[in-house]
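Fold and geometry: a report
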Amino acid sequence: MSLFDVAVIGGGIAGAAAALTVAAAGRSVLVIGPQGEAGDRPGEFLSPAANALLAELGLAERIAAGPHRVANATYAAWAAPVLAQRNAITHTEGPGRVLDRRAFERSLTAAVTDAGIPRLGILLAGAERDGALWRLTLDDGTERAARFLIDVSGRAAVVARRFVRRRRADRLVAACDFLAQKTDDVEPTPATLIEAAAEGWWYATLLPDRRMGLAFFSDPDRLPRGLSRDPARWRTMLAETEWTARWLDSAGYRIDGAPRLASAGTTWLERAAGEGWAAAGDAAAAFDPLSSHGLTSALWGGRRAGQGALATLDGDPGPLERYAATLDEAVRQFLSQRRAVYGEVRRFADRPFWNRRH
Ligand SMILES: Cc1cc2nc3c(=O)[nH]c(=O)nc-3n(C[C@H](O)[C@H](O)[C@H](O)COP(=O)(O)OP(=O)(O)OC[C@H]3O[C@@H](n4cnc5c(N)ncnc54)[C@H](O)[C@@H]3O)c2cc1C
């Protein structure tokens, strides 16, 4: 059975950051996890704070050369029922980006391959501690061994959740859609629009390929039953918005099908590291997308977990302990910011979605 210094469970964003960090230090690393997801995936706003991390990981040029667009304008009808613009052109950390999410993930996968890191494109089926080693069983029944394990398997947290409790602040769910433009006559504004509504909030953003990413965030019990099979109901919900429908309609975007539902709640592990393991990205802490820092947090966490693994293998547990403590503090700060931001919306204060968050 082949033995690696570090096994990275999950080939997403945090997984790429962790694997690149470990490989750059000359340690052997194996990535276990399927390559990319079938179909479109929501999550395209990359915060300016990611720029420094991309540079640290040697990814800045790859991403700058990609088909992504600079995120300049965000409009929000949040605290008051009027549109306010937030202009990000002069951001000191460099621009935020609206990503072509698939191209972004392909760039990270290519960087992992170019670094000579082996990858098994299958799921992990089991992980057992065997003395100082991890014995890993893959979906095809074969086994591998590793000295350290980094769980970056997204919200599933397939290994870490066996060791520590996963806590949750809410059950936020996103109804997501990707709309094609039905006319060539209108040049759509490259912008993002956020709009508070009685049962949740809307998010629309012009994607680099000229499609419109559209999502409605709510609680499972506040969404119409069967929405994921009901395009007509989805159309009606959009039509009832004050600003989003007007923008999409004037730019020639129409709903064709029903939305896909995705978990979007804030959940986190009570501790992001333990003996011989660390978790990062959504596996360690998944944030309400209103924060727009899930991708940045995945890059940051993957890198810090990778550095923590390297130090642990060299006999120094300090960096891993500091990583877990920093993440814990970040979750606490996020929970208080989340309350403040939702608390700005008083006009729906009597509605369950908002009431639960005030
Ligand atoms: C609706 C929505 C909108 C969002 N919008 C934004 C946004 O605008 N900006 C932003 O920054 N963030 C956003 N996010 C959050 C962002 O998408 C996530 O935080 C980010 O994808 C986390 O990356 P990750 O690498 O931790 O996990 P993932 O990207 O989920 O990767 C986990 C990987 O683990 C693999 N895996 C799972 N189980 C196993 C197993 N048993 N064995 C091996 N591999 C396994 C999966 O196949 C996957 O490839 C949004 C999230 C949602 C739900």
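The text that follows walks through the structure, step by step, so that each part is easy to find. (Residues numbered from 1 in each chain as written. Predicted model: local features only at pLDDT ≥ 70, side-chain atom pairs only at ≥ 80, totals over all residues. Heavy atoms only, no water.)

A sheet is described by the order of its strands in space; here 3 strands give the open sequence β3-β7-β4, paired in antiparallel fashion. The outermost strands of the open sheet, each flanked by one partner alone, are β3 (45-46) and β4 (69-71). When β3 meets strand β7 (residues 96-98), the two strands line up antiparallel, connected through 2 bridges. Bridge pairing in β7 links Leu 46 to Arg 97. (Pairing = 2+ DSSP bridges. Helix = DSSP H or I, 4+ residues; strand = E, 2+ residues; numbered from the N terminus.)

Attention shifts here to the sheet that holds strand β12 (residues 166-168). The strand order across the open sheet formed by 3 strands is β12-β18-β21, and the pairing between neighbours is antiparallel. Only two strands of the sheet have a single partner each, and these edge strands are β12 and β21 (285-286). In this structure, strand β18 (residues 267-269) lies alongside β21, joined through 2 bridges in antiparallel fashion. Within β21, the residue paired with Thr 267 across the bridge is Ala 286.

With respect to spatial proximity, 32 residues lie near the ligand, and among them Phe 45, Arg 101, Leu 124, Asp 282 and Leu 295 are the closest. In this structure, Arg 101 approaches the ligand through a side-chain N or O atom, which is 2.8 Å from an oxygen atom. Separating an oxygen atom of the ligand from a backbone N or O atom of Leu 295 is a distance of 2.8 Å. Contact with the protein chains covers 90% of the free accessible surface of the ligand, which is 1000 Å². For the shell around the ligand, the secondary structure elements donating two or more residues are α1 (13-24), β13 (173-179) and α7 (294-313). The dominant element in the shell around the ligand, judged by the number of residues it contributes, is α7, at 3 residues. Partitioning the shell around the ligand into residue classes produces 17 nonpolar, 11 polar and 4 charged. Summarising the domain contributions, the shell around the ligand has at least three residues from each of domain 1 (3-43 + 101-169 + 268-342) and domain 2 (173-263). (Near = heavy atom within 4 Å. Polar contact = N/O pair within 3.5 Å; in protein donor to acceptor, adjacent residues only side chain to side chain. Areas by Shrake-Rupley, 256 points an atom, 1.4 Å probe, with all protein chains shown as cover. Nonpolar A, V, L, I, M, F, W, Y, C, P; charged D, E, K, R; others polar. Domains from an automatic or database assignment.)

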